[in-house]
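Breakdown of the fold
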Amino acid sequence: KLVTINEDVQFQAASLVKPFIAAAFFHKVKTGELIYGPKSRRHMEKMIQHSDNVSTNWVMRQLGGPRKVERILKRHYPRIFQATSVVEYIPANGRSYRNRASVHDYSRFLYAIWKSEITGSREIKRLMSMPGSDRIYTGTRKIPKDTRVYNKTGSTARLCADMGILSVKGPN
C-alpha cells in the first residue's frame, strides 16, 4: 500500500456486500448444508452480474438471513471481516443503508479471493468477471484493453463505489 485514507471506517456497503454474501453461501456449500446447483447458480449470477436485489435476498434466505451471513463471515474469516455489518435484507427499492463495511475489509476480501483463501474463490472470481458495469476500467484511459476485470459496483443515495481487481497481462 502506498496510501490509505479512512480504510477502517465503516461505510454503507450497498451492493458491494453481495460478493461477501456469496462467500458465506459457498462456505455452507463446503460444509454440505447447501447445494450450488442450477437454481442457486442462476441467483448468484443475477446477484453479482446484474446486482439483482431479489436474488440477493433469496441467497440470504438460504443462509438464514442477514445476521447469519455476518456470523458465518466473522466466524470463519475473522481476519478479513473485521468491520463488516450485514444486518438487513436489501429493500425492494434498493436503498440499503444499514449494511456496512470498511475499505480495508474489501481489500482483505479481494486479496483473499485472489489467493484462493476463501471457499468458493474461483467461482466468486468467475462471477465478478462476468460482463457488466464497472467504474474502475470502463472509461479509464491507459489501461490495456486485454485487462481482466473482477469487480462489483454499488451505489445508494450516499455511496457510489466499485471494488475490484484488475489483472493486466503484458510484456511489462
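In the block above lies the structure referred to throughout.
What to know about the overall build of the chain
Counting its secondary structure elements, the chain contains six helices and four strands. Beginning at the N terminus, the succession of helices and strands in the chain can be written as β-α-α-α-α-β-α-α-β-β. For the chain, the spread of C-alpha atoms along the principal axes amounts to about 45 × 35 × 30 Å. A fraction of 58% describes how many contacts in the chain between residues 6 or more apart in sequence connect residues 24 or more apart. Total accessible area on the chain is roughly 9500 Å²; 51% of this is exposed by carbon and sulfur atoms. Of the charged side chains in the chain, 31 are positive and 13 negative; the average position of the first set lies 2 Å away from that of the second.

Some thoughts on a positive patch on the surface
A cluster of basic residues, Arg67, Lys68, Arg71 and Arg75, forms a positive patch on the protein surface. Mapped onto the elements, Arg75 comes out in helix 4 (residues 66–76).

Some remarks on the nonpolar core
A general tendency of soluble globular proteins is for nonpolar side chains to be buried together. By size, the foremost hydrophobic cluster in this structure holds 43 residues, and its most contacted members are Phe20, Leu63, Phe109, Ile118 and Ile124. A total of seven residues in this core trace back to one element, the largest contributor, which is helix 1 (residues 18–30). Setting aside chain neighbours within four positions, we find Leu63 in contact with Ile21, Ala24, Phe25, Lys28, Leu34, Lys68, Val69 and Ile72.

Description of unusual backbone geometry
With a phi close to 55°, Asn6 is a non-glycine residue in the positive phi region. Relative to the helices and strands, Asn6 is located in the segment before strand 1 (10–12). Given the relative accessible area of 48%, Asn6 is considered partly exposed. Backbone geometry at Ala14 places phi at a positive 50°, although glycine is not the residue there.

Quick notes on helix 6 (residues 121–128)
Counting buried positions over the eight residues of helix 6 gives six, a clear majority of the element. At its buried positions, helix 6 is contacted by helix 1, helix 2 (38–49), helix 5 (103–114), strand 3 (148–156) and strand 4 (159–167).

Rules behind the numbers
Residues numbered from 1 in each chain as written. Predicted model: local features only at pLDDT ≥ 70, side-chain atom pairs only at ≥ 80, totals over all residues. Heavy atoms only, no water. Helix = DSSP H or I, 4+ residues; strand = E, 2+ residues; numbered from the N terminus. Contact = heavy atoms within 4.5 Å. Areas by Shrake-Rupley, 256 points an atom, 1.4 Å probe, with all protein chains shown as cover. Lys, Arg positive; Asp, Glu negative; His and termini not counted. Charge placed at Lys NZ, Arg CZ, Asp CG, Glu CD. Patch = residues over 30% accessible without salt bridge, like charges linked within 9 Å, V, L, I, M, F, W, Y side chains within 5 Å. Salt bridge = Lys/Arg side-chain N within 4 Å of Asp/Glu carboxyl O. Core = buried A, V, L, I, M, F, W, Y, C linked by side-chain atoms within 4.5 Å. Buried < 20%, exposed > 50% of the residue type's maximum accessible area, 1.4 Å probe, protein only.

Worth remembering: the numbers are spatial, not functional.
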